[in-house]
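# Remarks on the overall topology
Residue-level listing of the chains:
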Amino acid sequence: MCHLLRSFFSDTSSASPCNPAAQADLLSNVSVKLSPVQTILSHGKCFAAFKGMTHGTTPGCDGLPMGFNLRFWSVIGADLVLVLNSAFASGLICHSQCRGVITLSFEKAAVSTP
């Protein structure tokens, strides 16, 4: 499984620095900042954050539903926390982490009768 995941992410996971102007613009709108003590994410807090996310969704481009992360947390949790802390410390995220997927759903409009 590790070999399969490594080959899947090898093309989409390359760290690149962010655009400093875009970063400054984004951060200028942030009013709350973490203190230095809060900058390291813990295993427990990350797991709690995953548990609080909407179930039945696929938050990333990898197509893995949120339930996958929760079900296999004992296997992937420590590595995921390491990756998140590394990204925070370096200020770099891989190309695939910059992507988002938005899916539009058709909702039939309610018809009212006079």
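The following refers to the structure shown. Predicted model only: the values in this text are computed from it and were never measured.

### Side note on the nonpolar core
Here is a general trend for soluble globular proteins: nonpolar side chains tend to be buried in one another's company. If you look at the biggest cluster of nonpolar residues, it comprises six residues: Cys46, Phe50, Met66, Leu70, Trp73 and Val81. For this core, the secondary-structure elements that each account for two or more residues are helix H3 (43-52), helix H4 (66-71) and helix H5 (73-90). If we skip the residues at most four places from it in the chain, Trp73 touches His43, Cys46, Phe47, Phe50, Leu80 and Val81.

### Side note on the packing of aromatic side chains
Here the structure, examined in full by the defined rule, presents three aromatic pairs. Measuring from ring centre to ring centre gives 5.5 Å for Phe47 and Trp73, while their planes differ by 40°; the resulting arrangement is tilted. Placement of the pair is Phe47 in helix H3 and Trp73 in helix H5, with a sequence separation of 26 residues. Residue Trp73 is classed as buried on the basis of its relative accessible area of 5%.

### Some remarks on helix H2 (residues 20-27)
When you tally the buried positions in H2, you get zero out of eight residues, a small fraction of the element. The N-cap residue of H2 is Asn19: its side-chain oxygen and the backbone nitrogen of Ala21 are 2.9 Å apart.

### Thoughts on H5
With 18 residues, H5 should cover 26 Å at 1.5 Å per step; its first-to-last C-alpha distance of 24 Å lies within 8% of that length. Taken as a whole, H5 has its buried residues at Trp73, Gly77, Val81, Asn85 and Ala87. Residues of H5 that are buried in the fold lie against H3, H4 and strand E2 (93-94). After H5 finishes, the residue Gly91 shows a positive phi value of roughly 75°.

### Observations regarding the packing of H3 against H5
Put simply, H3 and H5 touch, their axes get as near as 10 Å, and they point 110° apart. Judged by the angle between their axes, H3 and H5 are roughly perpendicular. Judged by residue contacts, His43, Cys46, Phe47 and Phe50 of H3 engage Trp73, Gly77, Ala78, Leu80, Val81 and Leu84 from H5. Of the residues assigned to the contact of H3 with H5, the class counts are eight nonpolar, two polar and no charged.

About the thresholds
Residues numbered from 1 in each chain as written. Predicted model: local features only at pLDDT ≥ 70, side-chain atom pairs only at ≥ 80, totals over all residues. Heavy atoms only, no water. Core = buried A, V, L, I, M, F, W, Y, C linked by side-chain atoms within 4.5 Å. Buried < 20%, exposed > 50% of the residue type's maximum accessible area, 1.4 Å probe, protein only. Helix = DSSP H or I, 4+ residues; strand = E, 2+ residues; numbered from the N terminus. Contact = heavy atoms within 4.5 Å. Phe/Tyr/Trp six-rings, centres within 6.5 Å; stacked < 30°, edge-to-face > 60°. Polar contact = N/O pair within 3.5 Å; in protein donor to acceptor, adjacent residues only side chain to side chain. Expected span 1.5 Å × (residues − 1). Axes fitted to C-alpha atoms, helices over the stretch in contact; angles between N-to-C directions. Parallel < 35°, antiparallel > 145°, perpendicular 65-115°, else oblique. Nonpolar A, V, L, I, M, F, W, Y, C, P; charged D, E, K, R; others polar.

So, to be careful, I would describe these as geometric facts and stop short of saying anything about function.
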